[in-house]
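These are the residues of each chain, in order.
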Amino acid sequence: MSKTWRPATQLVHGGTLRSQYGETSEAIYLTQGFVYDSAEAAEARFKGETEGYIYARYGSPTNDMFEKRMCAMEGAEEARATASGMAAVAAAILCQVKAGDHIVAARALFGSCRWVVETLAPKYGIECTLVDGRYLENWEKAIRPNTKVFFLESPTNPTLEVVDIAGVAKLANQIGAKVVVDNVFATPIFQKPLELGAHIVVYSATKHIDGQGRSLGGVILSDTEWVNEHLQDYYRHTGPAMSPFTAWTLLKGLETLPLRVKQQSENAGKIADFLAEQKQVAKVIYPGRKDHPQADIVAKQMKGGSTLVAIELKGGKEAAFALQNALEIVKISNNLGDAKSLITHPATTTHKNLTDEARAELGISPGTVRLSAGIEDTDDLIEDFAQALSKIKA
Ligand SMILES: Cc1ncc(COP(=O)(O)O)c(C=O)c1O
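Residues numbered from 1 in each chain as written. Predicted model: local features only at pLDDT ≥ 70, side-chain atom pairs only at ≥ 80, totals over all residues. Heavy atoms only, no water.

Neighbouring residues of the ligand: 13 residues in total, closest Gly85, Asp182, Ser204, Thr206 and Lys207. Measuring from an oxygen atom of the ligand, one finds a backbone N or O atom of glycine 85 at 2.8 Å. In this structure, serine 204 approaches the ligand through a side-chain N or O atom, which is 2.8 Å from an oxygen atom. Burial of the ligand by the protein amounts to 91% of the accessible area it has alone, namely 390 Å². Residues that form the shell around the ligand fall into these classes: five nonpolar, five polar and three charged. (Near = heavy atom within 4 Å. Polar contact = N/O pair within 3.5 Å; in protein donor to acceptor, adjacent residues only side chain to side chain. Areas by Shrake-Rupley, 256 points an atom, 1.4 Å probe, with all protein chains shown as cover. Nonpolar A, V, L, I, M, F, W, Y, C, P; charged D, E, K, R; others polar.)

As structure tokens, then:
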């Protein structure tokens, strides 16, 4: 494996461990355990004196390929694959804090991520402050002497706010705290949080990395020192490991990730431009458009506009429901990052557990819908929106 390969090459070949049979496609090592040539060999493996696997909860060959391919893509030293994105988020945060520590997190988070920092962490004596992450001064003001972790996603779900990752990392470095970035919406193709100064990156691999609606998975990426000090024992002993079968589907997903994300973001951008001109639409938020409220930060840290578009309809919930029900190609689903275009109404699905005030703070109105653009033909998608919009009142 060459470190100089560009992303598209890394995503096809990075991390490959070929067996003695010389298979083209990566092998699925669907085993729980491993056998040793002798008792002495087992002892040496357990002492860490020889390389090799011990137990699939700790690590296994197919997972290793997925982890190494992700490291090559992300520029990380280490990765740990997890059974879901939430297993990755929870482990990345909880492994490094203890009672009495303090977390600062952006309030615009995916619902389950927000529950981990806002509800779960305080049960164990870990304090949490949620801030409007768009403004760096809010992060700075929230710092306490016991602040250990900053947590954010950028762009955010569903209104595609962005956080200045380099700015937050600078603040964190001043106090020795770690920045954890949930990079799901940006994808590893469009944003590299480690290069921007973040210390830990997490993904729901369920989204673009699989991208074909098959597997739940997640991954945590960072440097060797942090993994050894914080994550290694947590991961081994609490057991969020990914199934090797899932690692195999995700390896296949990584091979086509750049092609899918390119087509999805092109579709997202063209649909956003089309919708912005329609009389039924009050507002379109897309990081790839010049009218994005934080276009300067997008330009600084993202290489593309992402695959998601937030659309606010003038007719409120009634129009949002009518649009979803009239779409023929675009499916109604709370998932995202898929080859199929998906649309959801956050106020009644992904963000239904928030109070009305919390939703308003995040810019989620009754007329907001979130589109995850798929890889279908652009013109078919635009025609689908045109026919669906024609059925709702302006
Ligand atoms: C931004 C973000 N983070 C984390 C997750 C959790 O991922 P998973 O569903 O794989 O557990 C999601 C899932 O929707 C998400 O959108």
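Along the polypeptide, glutamine 232 turns up in helix α10 (residues 224–238). Exposure remark for glutamine 232: the relative accessible area of 17% places this residue in the buried category. Separated by 2.9 Å, the side chains of glutamine 232 and arginine 80 make a polar contact. (Helix = DSSP H or I, 4+ residues; strand = E, 2+ residues; numbered from the N terminus. Buried < 20%, exposed > 50% of the residue type's maximum accessible area, 1.4 Å probe, protein only.)

Here the focus is the environment of glutamine 263. Within the secondary structure, glutamine 263 sits in helix α11 (residues 244–276). A residue is classified by how much of its surface remains accessible, and glutamine 263, at 26% relative accessible area, is partly exposed. Considered as a pair, glutamine 263 and threonine 307 are 44 residues apart in the sequence and their alpha carbons are 8.7 Å apart. Apart from the residues lying within four places of it in its own chain, the contact partners of glutamine 263 are Gly374, Ile375, Glu376 and Thr378. (Contact = heavy atoms within 4.5 Å.)

Bringing the sheet that holds strand β3 (residues 127–131) into the picture now. Sheet architecture is open: seven strands sit in the order β1-β7-β6-β5-β4-β2-β3, paired in mixed fashion. In this open sheet, the two edge strands, each paired with only one partner strand, are β1 (78–82) and β3. Across this sheet, the average inter-strand angle for adjacent strands is 20°, counted without regard to direction. Summarising the sheet, strand β2 (residues 102–106) and strand β4 (residues 147–153) pair through four bridges and their orientation is parallel. (Pairing = 2+ DSSP bridges. Axes fitted to C-alpha atoms, helices over the stretch in contact; angles between N-to-C directions.)

Attention now moves to the pattern of salt bridges. What the rule picks out here adds up to 21 salt bridges. Arginine 134 serves as the salt-bridge partner of glutamate 161, at 3.8 Å between the closest nitrogen and oxygen. Separated by 27 residues along the polypeptide, glutamate 161 in the loop between β4 and α7 (165–175) and arginine 134 in the loop between β3 and α6 (136–142) bring together distant segments of the chain. With a relative accessible area of 28%, arginine 134 lands in the partly exposed category. (Salt bridge = Lys/Arg side-chain N within 4 Å of Asp/Glu carboxyl O.)

Of note, histidine 292 is situated in the loop between β8 (281–285) and α12 (295–301). Since its relative accessible area comes to 5%, histidine 292 is described here as buried. The contact partners of histidine 292, leaving out residues within four places of it in the chain, are Leu160, Val162, Ile285, Tyr286, Pro287 and Val298.

Attention now moves to unusual backbone geometry. For the bond running from serine 154 to proline 155, omega is -5°, close enough to zero to count as cis. As for its position among the elements, proline 155 is in the loop between β4 and α7. In this structure, the amide linkage connecting asparagine 157 to the following residue, proline 158, adopts the cis form with an omega of 0°. Of note, proline 158 is situated in the loop between β4 and α7. Unusually for a residue other than glycine, leucine 160 sits at a positive phi of about 55°. Looking at the secondary structure, you find leucine 160 in the loop between β4 and α7. Judged by its relative accessible area of 1%, leucine 160 falls in the buried class. With a phi angle near 70°, threonine 187 is a residue other than glycine that sits in the positive phi range. Mapped onto the fold, threonine 187 is located in helix α8 (residues 187–190).

Our focus in this paragraph is the pairing of strand β9 (residues 308–313). Counting buried residues along β9, five of its six residues qualify, which places the element largely inside the surrounding structure. Strand direction decides the pairing type here: β8 and β9, joined by four bridges, are antiparallel. Bridging from a neighbouring strand, valine 281 pairs with leucine 313 of β9.

On the surface, a cluster of negative charge is contributed by Asp377, Asp379, Asp380 and Glu383. Residue placement: aspartate 380 occurs in helix α15 (residues 378–389). (Patch = residues over 30% accessible without salt bridge, like charges linked within 9 Å, V, L, I, M, F, W, Y side chains within 5 Å. Lys, Arg positive; Asp, Glu negative; His and termini not counted. Charge placed at Lys NZ, Arg CZ, Asp CG, Glu CD.)

Turning our eyes to something else, we now look at the domain arrangement of the chain. How big an interface is tends to be reported as the loss of accessible area on association of its parts. Domain annotation for the chain reports domain 1 (7–255) and domain 2 (258–389). Here domain 1 and domain 2 have C-alpha centroids that lie 27 Å from each other. Between domain 1 and domain 2, the residue contacts involve 38 residues of the former and 36 residues of the latter. Where domain 1 abuts domain 2, roughly 3100 Å² becomes buried across the two surfaces, and 59% of that area is made up of carbon and sulfur atoms. The largest per-residue losses of area from domain 1 upon contact with domain 2 belong to Leu160, Phe190 and His208, which jointly make up 23% of the total buried on that side. If you look at where domain 1 meets domain 2, you find two salt bridges. Among the ionic pairs, aspartate 164 bridges to lysine 300, the shortest N-O distance being 3.0 Å. Summed over the shared surface of domain 1 and domain 2, the number is 16 residue pairs in polar contact (both at pLDDT 80 or more). (Domains from an automatic or database assignment. Buried area = accessible area lost by both parts, 1.4 Å probe.)

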